[in-house]
Amino acid sequence: MCGIVGYVGYRDVVSVILNGLTNLEYRGYDSAGMALQDCGELRIYKTLGKLINLKNELEAKKYELKHPSSGIGHIRWATHGSPSLVNAHPHTCTCGRLVVVHNGIIENYKELREELIKKGCKFKSQTDTETIAHLVADEYANSKDLEIAVRNSVKKLQGAYAICVMHKDTPDLIVGARKHAPMVIGLGEGENFIASDIPAIIEYTKKTIYLEDNEIAVVTKDKVKITDINGKELVKKTEILPWEPVALSKLGYKHFMLKEIHEQPDVIRNVLNGKLYDIDEPVILNEVKLDKEILKNLNKIQIIACGTSLHAALAGKYLIEDLAGISVEVEASSEYIYRRTTTDSSTLVIGVSQSGETADTITAIKQAKEKKAHVLIITNRPDSNMARLADSLIPVNAGIEVSVAATKSYSAQLISFYLLAIYLAEIKETVDKQSLKNLKHELIQIPSKIEEILSDLKPIQNCARKFSSYKNFIYISRGINLSTAYEGALKLKEISYINATGYPAGELKHGPIAMLDETMPVLAVLIPGGITYEKILSNCEEAKARNAKLIALTSSNDDNLKNIFDVVIKIPKVNEILSPALTCVPLQLLAYYIAEFLGKDVDQPRNLAKSVTVE
Ligand code: F6R
């Protein structure tokens with residue numbers, strides 16, 4: 001969603017802010033803007049569409065700039081008011097001397113706006129953000145101190161915000177504040193940064209301070225002062241970032257998505273590392289902070305998540321129920337938060353999120369905590385808001401995922417669920433030791449089997465070419481790979497804009513079969529050896545009888561499949577229960593190549609954001 005970068009220091013301010021925004025670009029946006037303090041002038045530039053437009057605008061107006069020494073930049077993903085120049089950030093107060101950029105949503109902006117209009121403020125945009133500019137300017141008129149003005153203003157705001165404010169009268173000073181939206185300070189020598197996420201600053205510094213809710217940061221080139229909402233100065237811990245700037249490079253791949261798909265074998269090795277090092281030994285999951293006696297008697301788990309993380313959660317349900325015999329409910333966070341749930345102090349609630357910033361899931365987690373449930377978070381961002389709410393935290397360590405479509409984080413979440421399910425099964429002694437040993441043995445081999453899939457992309461590319469002109473798909477499966485069908489269909493929808501629906505194969509005949517004809521291909525995920533293979537095969541025969549084109553994703557060597565299916569995509573032999581860790585990969589690739597053939601913006605699909613920080 002939106003992104004913020006602020007900088008005060010000796011470098012080329014325009015380049016630092018543009019670079020920072022470029023590294024946040026993956027989050028999704030529709031317009032961009034920048035405000036610069038330039039030798040006593042406050043200059044503002046805004047453009048619609050991609051950042052290259054802002055870059056070109058700044059290049060074209062280079063003659064205006066003398067020597068900018070600080071600035072704030074923003075990419076906007078429209079919430080209040082359409083994507084337009086007037087709604088793009090930064091926003092100014094009536095006199096134009098104060099500028100604000102903002103991530104989040106101000107819920108009481110209408111009331112505040114009315115009050116400010118009565119005081120004579122002239123609004124130009126439809127945004128909630130502009131209210132903040134007028135509000136801070138109004139406070140500044142009284143205090144003549146930007147820090148105090150911001151502090152007094154945020155006390156009046158309801159909702160979520162990460163803001164950066166500059167004033168023409170206070171050159172090279174940025175005031176930042178946050179509540180329910182992330183904000184990080186980057187520390188340098190003779191320079192300092194403030195941003196909504198670390199990719200924006202990682203090229204310049206690894207020394208960071210995370211701002212917490214209701215904290216205010218005053219950033220100059222030589223000093224960062226952080227206070228609480230009452231003005232009390234705080235001593236904050238400096239953290240050193242674990243990521244290298246190389247994480248933000250495509251390393252020769254055409255798109256980040258393709259690079260991230262190829263990173264999956266190493267990502268999985270990383271997840272297993274230190275947790276499953278010897279198949280004769282129990283899985284080590286010290287991150288789970290619940291007492292083993294409590295886990296032994298645990299009989300209810302609820303998993304809440306959105307999108308791709310929800311699909312990993314669904315696979316997690318099958319795994320935990322199958323291996324540990326614990327009843328698991330899986331629910332979209334956006335549903336969980338608006339109903340009376342049965343969560344109580346004996347429930348283990350698991351929140352799954354790549355970003356750790358998804359607003360629906362954060363709200364759900366807070367509700368679960370209010371009900372005294374133990375909350376375990378599985379996330380790729382141990383520095384996120386969600387991680388901070390966790391009673392137990394399993395970081396999945398997939399590294400920065402830049403492509404909007406989640407791939408490697410999904411695999412990392414899946415593997416975390418395998419580890420958790422085995423861990424619980426070992427504590428509860430629900431599966432015999434030899435079977436678990438075999439399972440662990442196969443789990444360790446998953447990365448090399450994915451490498452096998454990645455070593456021959458031709459069959460998937462050919463399938464993509466053959467099917468890229470179809471407008472509708474159904475992805476079917478049963479059992480644990482139903483999650484794969486959902487996830488494969490979501491990937492295709494997201495990046496190619498082709499209608500694709502994941503469906504339980506056995507449900508086809510209860511409705512969707514009515515749509516089947518030669519224009520609607522059916523992709524089936526079917527793994528022999530399990531209890532669902534023959535059943536899915538029968539469901540495919542039913543689809544074939546309605547002239548649907550059929551694609552199989554399977555580990556079967558049965559030559560007869562060629563008589564039923566138009567295309568057979570083969571994966572290495574795998575135990576059905578572990579197969580989602582493999583089957584997801586060809587479906588990510590299929591979506592990727594179809595989108596690529598269609599010339600879509602693979603890494604930044606329209607209307608989507610990497611981290612959905614609004615409900
Ligand atoms: C799919 C995708 C989204 C996210 C969803 C949840 O490729 O990226 O569906 O999975 O917005 O995001 P997180 O996992 O960050 O909570």
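Residues numbered from 1 in each chain as written. Predicted model: local features only at pLDDT ≥ 70, side-chain atom pairs only at ≥ 80, totals over all residues. Heavy atoms only, no water.

Enquirer: Account for the overall build of the protein chain, with residues named and values stated.
Expert: From N to C terminus, the protein chain includes 19 helices and 24 strands. Here the protein chain has a C-alpha radius of gyration of 26 Å; the compact-globule value for 615 residues is 25 Å, and the two agree. Seen through its C-alpha atoms, the protein chain measures out along the principal axes to roughly 80 × 55 × 45 Å. In the protein chain, buried positions account for 60% of the 615 residues. Within the protein chain, residue pairs in contact and separated by at least 24 positions form 71% of the contacts whose partners lie at least 6 positions apart. (Helix = DSSP H or I, 4+ residues; strand = E, 2+ residues; numbered from the N terminus. Rg over C-alpha atoms; globule rule 2.2 N^0.38 Å. Buried < 20%, exposed > 50% of the residue type's maximum accessible area, 1.4 Å probe, protein only. Contact = heavy atoms within 4.5 Å.)

Enquirer: So, the sheet that holds strand β16 (residues 327–332): which residues are in play, and what are the values?
Expert: Pairing is parallel across the open sheet formed by five strands, whose spatial order is β16-β15-β17-β18-β19. Only two strands of the sheet have a single partner each, and these edge strands are β16 and β19 (392–395). Each strand axis lies, on average, 20° off the axis of its neighbour in the sheet, ignoring direction. Sheet topology note: the strand β18 (residues 374–379)/β19 ladder contains four bridges and is parallel. (Pairing = 2+ DSSP bridges. Axes fitted to C-alpha atoms, helices over the stretch in contact; angles between N-to-C directions.)

Enquirer: How would you summarise the packing of helix α4 (residues 129–143) against helix α5 (residues 146–154) if you had to cite specific residues and measurements?
Expert: For the pair α4 and α5, interaxial distance at closest approach is 8 Å and the crossing angle is 130°. One element, α4, and the other, α5, form an angle in the oblique class. Judged by the sense of rotation from one axis to the other, the crossing of α4 with α5 is right-handed. Touching L135, V136, E139, Y140 and S143 of α4 are L146, I148, A149, V150, N152 and S153, all from α5. (Parallel < 35°, antiparallel > 145°, perpendicular 65-115°, else oblique. Left-handed = near helix turned anticlockwise from the far one by under 90°.)

Enquirer: Describe the sheet that holds strand β23 (residues 550–554), listing the residues and the values that go with them.
Expert: On the basis of which strands lie adjacent, the open sheet formed by five strands has the order β21-β20-β22-β23-β24 and parallel pairing. Where the open sheet ends on each side, the last strands, each with one partner, are β21 (499–504) and β24 (567–570). Each neighbouring strand pair of the sheet contributes to a mean axis angle of 20°, computed without reference to strand direction. Where strand β20 (residues 472–477) lies against strand β22 (residues 522–526), three bridges are found, and the strand directions are parallel. Residue pairing across strands places I476 opposite A524, the latter belonging to β22.

Enquirer: Just give me the short version of the nonpolar core, but keep the residues and values in it.
Expert: I301, I320, I350, L443, F473 and Y475 are the most contacted members of the largest nonpolar core, which has 95 residues in total. With 14 residues, the single largest contributor to this core is helix α13 (residues 408–428). Taken together, domain 2 (249–448) and domain 3 (458–597) each give at least three residues to this core, which thus spans both. When sequence neighbours within four positions are dropped, the list of residues in contact with I320 reads I301, G325, I326, V328, F417, L420, A421 and L424. Within the second largest apolar cluster, 36 residues are counted, among which are V184, I198, I201 and F256. (Core = buried A, V, L, I, M, F, W, Y, C linked by side-chain atoms within 4.5 Å. Domains from an automatic or database assignment.)

Enquirer: Could you give an account of the domain arrangement of the protein chain, naming the residues involved and the relevant values?
Expert: Accessible area lost during the coming together of the parts is what is often quoted as the interface size. Domain parsing of the protein chain yields domain 1 (3–246), domain 2 (249–448) and domain 3 (458–597). The straight-line distance from the C-alpha centre of domain 1 to that of domain 2 is 34 Å. The interface is formed by 13 residues belonging to domain 1 together with 15 residues belonging to domain 2. Counting every contact that joins domain 1 to domain 2 gives two salt bridges. We note a salt bridge from D197 to R381, for which the minimum N-O separation is 2.5 Å. Inspection of the region where domain 1 meets domain 2 yields four residue pairs in polar contact (both at pLDDT 80 or more). Its residues placed into classes, the side of domain 1 that touches domain 2 shows nine nonpolar, one polar and three charged. (Salt bridge = Lys/Arg side-chain N within 4 Å of Asp/Glu carboxyl O. Polar contact = N/O pair within 3.5 Å; in protein donor to acceptor, adjacent residues only side chain to side chain. Nonpolar A, V, L, I, M, F, W, Y, C, P; charged D, E, K, R; others polar.)

Enquirer: Explain the site of the ligand residue by residue, including any values.
Expert: The immediate surroundings of the ligand are formed by 14 residues, with S309, S353, S355, T358 and E494 found nearest. Interatomic distance of 2.6 Å between a side-chain N/O atom of S309 and an oxygen atom of the ligand. A distance of 3.1 Å separates an oxygen atom of the ligand from a polar atom in the backbone of V404. Notes on the ligand: free accessible area 400 Å², of which the protein chains cover 91%. Broken down by secondary-structure element, the contributors of at least two residues to the shell around the ligand are α9 (307–324) and α16 (482–496). Of the residues forming the shell around the ligand, the biggest block, three residues, is contributed by α9. (Near = heavy atom within 4 Å. Areas by Shrake-Rupley, 256 points an atom, 1.4 Å probe, with all protein chains shown as cover.)

Enquirer: Give me helix α15 (residues 458–467): which residues, what numbers.
Expert: Owing to its 3.6 residues per turn, the α-helix aligns residues three or four sequence positions apart on the same side. Among the residues of α15, I460, Q461, C463, A464 and F467 are the ones counted as buried. Buried residues in α15, looked at end-on, bunch into an arc of 160°, giving them a common side. Facing away from the buried side of α15, by more than 90 degrees, are the exposed residues K458 and R465. Structurally, α15 contributes buried residues whose contacts are with α14 (433–454), β20, β23, β24 and α19 (580–597). (Arc of directions from axis to C-beta.)

Enquirer: So what's going on with the packing of aromatic side chains? Residues and values would help.
Expert: The full count for this structure, using the stated rule, is seven aromatic pairs. Ring plane angle 45° and centroid distance 4.9 Å describe the contact between Y7 and F193, whose orientation is recorded as tilted. Within this pair, whereas Y7 is found in strand β1 (residues 3–8), its partner F193 is found in strand β10 (residues 192–195), the two being separated by 186 residues in sequence. Under the relative-accessibility criterion, Y7 is labelled buried at 0%. For the pair Y592 and Y593, a centre-to-centre distance of 5.0 Å together with 80° between the ring planes defines the contact as edge-to-face. Grouping residues by exposure puts Y592 and Y593 together as buried. An aromatic cluster is defined as three or more aromatic residues linked by ring pairs; in this entry it consists of F467, Y470, F473 and Y475. Over the ring of Y210 we find R388, and its NZ or CZ is 4.9 Å from the ring centre. (Phe/Tyr/Trp six-rings, centres within 6.5 Å; stacked < 30°, edge-to-face > 60°. Lys NZ or Arg CZ within 6 Å of the ring centre and 35° of its normal.)

Enquirer: Tell me what's going on with the pattern of salt bridges, and back it up with residues and numbers.
Expert: Overall, the coordinates contain 31 salt bridges when judged by the stated rule. Between K491 and E487 there is a salt bridge whose closest N-O contact spans 2.5 Å. One end of the pair is K491 and the other is E487, both in helix α16 and four residues apart, which spans about a single turn. Its relative accessible area of 1% is what places K491 among the buried residues. For E487, a relative accessible area of 2% translates into the label buried. Three or more residues are tied together by salt bridges with common partners; here these are E147, R151 and K225.

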